[in-house]
Amino acid sequence: SVRALDGWLFFHELVVQRPTTVVNASFAIGATTLRIEPAGRLDVGGSRVGLQADVLDCRGGLWVGPGGRISSGPLSAAVSAVTIGATGTLRVVGVPSLPAVFGGTAPGSYDLLIHGTLAAQEYQFLNMAATGVRIAAGATLAPAPFDLRGGVFGSGASTPGAVLLNIDRPAGQQVVVHDV
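Residues numbered from 1 in each chain as written. Predicted model: local features only at pLDDT ≥ 70, side-chain atom pairs only at ≥ 80, totals over all residues. Heavy atoms only, no water.

Draft legend 1. The arrangement of the nonpolar core in detail. One finds L51, L62, L90, F102, L112, I114 and F125 to be the most contacted residues of the largest nonpolar core, which totals 38 residues. Those residues in contact with L62 that lie beyond four places of it in its chain are I36, L42, L51, L56, I70, T89, L90, R91 and F102. (Core = buried A, V, L, I, M, F, W, Y, C linked by side-chain atoms within 4.5 Å. Buried < 20%, exposed > 50% of the residue type's maximum accessible area, 1.4 Å probe, protein only. Contact = heavy atoms within 4.5 Å.)

Draft legend 2. Representation of the side chain of Q52. With respect to the helices, strands and loops of the structure, Q52 is situated in strand β6 (residues 48–58). Only 3.2 Å separates the side chain of Q52 from the backbone oxygen of P74, close enough to count as a polar contact. In this structure Q52 touches W8, I29, G30, A31, G73, P74, L75 and T105, once residues within four positions along its chain are discounted. (Helix = DSSP H or I, 4+ residues; strand = E, 2+ residues; numbered from the N terminus. Polar contact = N/O pair within 3.5 Å; in protein donor to acceptor, adjacent residues only side chain to side chain.)

Draft legend 3. Spatial organisation of the pairing of strand β13 (residues 117–126). Taken across its 10 residues, β13 has 7 buried, putting it largely inside the fold. With 5 bridges joining them, strand β10 (residues 89–93) and β13 adopt parallel strand pairing. Bridge pairing in β13 places V93 opposite Q121. Pairing analysis gives 3 bridges linking strand β11 (residues 100–104) to β13, with the strands arranged parallel. Each bridged residue has a counterpart across the sheet, and for A100 the counterpart in β13 is Y123. Bridging between β13 and strand β15 (residues 140–141) involves 2 bridges; their strand directions are parallel. Within β15, the residue paired with L118 across the bridge is L141. Sheet topology note: the β13/strand β16 (residues 147–154) ladder contains 6 bridges and is parallel. Across the sheet, L126 pairs through a bridge with G154, a residue of β16. (Pairing = 2+ DSSP bridges.)

Draft legend 4. Local environment of the environment of T87. You can see T87 is positioned in the loop between β9 (80–84) and β10. Each C-alpha atom, one on T87 and one on F102, is 20 Å from the other, the two residues being 15 residues apart in sequence. Apart from residues no more than four positions distant in its own chain, T87 is found in contact with P38, R59 and G60. From its side chain, T87 meets the backbone oxygen of R59 in a polar contact 2.7 Å long.

Written out as structure tokens, the structure reads:
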């Protein structure tokens, strides 16, 4: 676990291979590539963590808890490409008084594509690129109550035609979203 750390950590490539929990910390990670392996998990809990990476490839777990915030943005590219792979899970779960936040360092600063599992309740997705938060056809929405309940999508890119949320599903498959 990472405890009571303030400031910046810079890496060319950072690989998370085991469950890692951030406790009472506020810091930023700068990396050309940040990769979370299938057995790895980056759990920021209620901490505020900046993830400035041109590529964030999550094949394990990326978790934000009540009052926690991940601020994603590019290190040197125009936009941070954040991908939750087929084996990965993005869990953004807060409580009504302390939402969990997955945001950007500035409006339009990250492009989020989810192929794996999305678990979200009492959350905010902010400052995404013009493509919005994209949930691919093969992605899984977690069961209730982590099925996008009590959430906000906002402060996206100001590009004409920009979207905040894009859910791709096979024809005929119904998607029900509660309290968004």
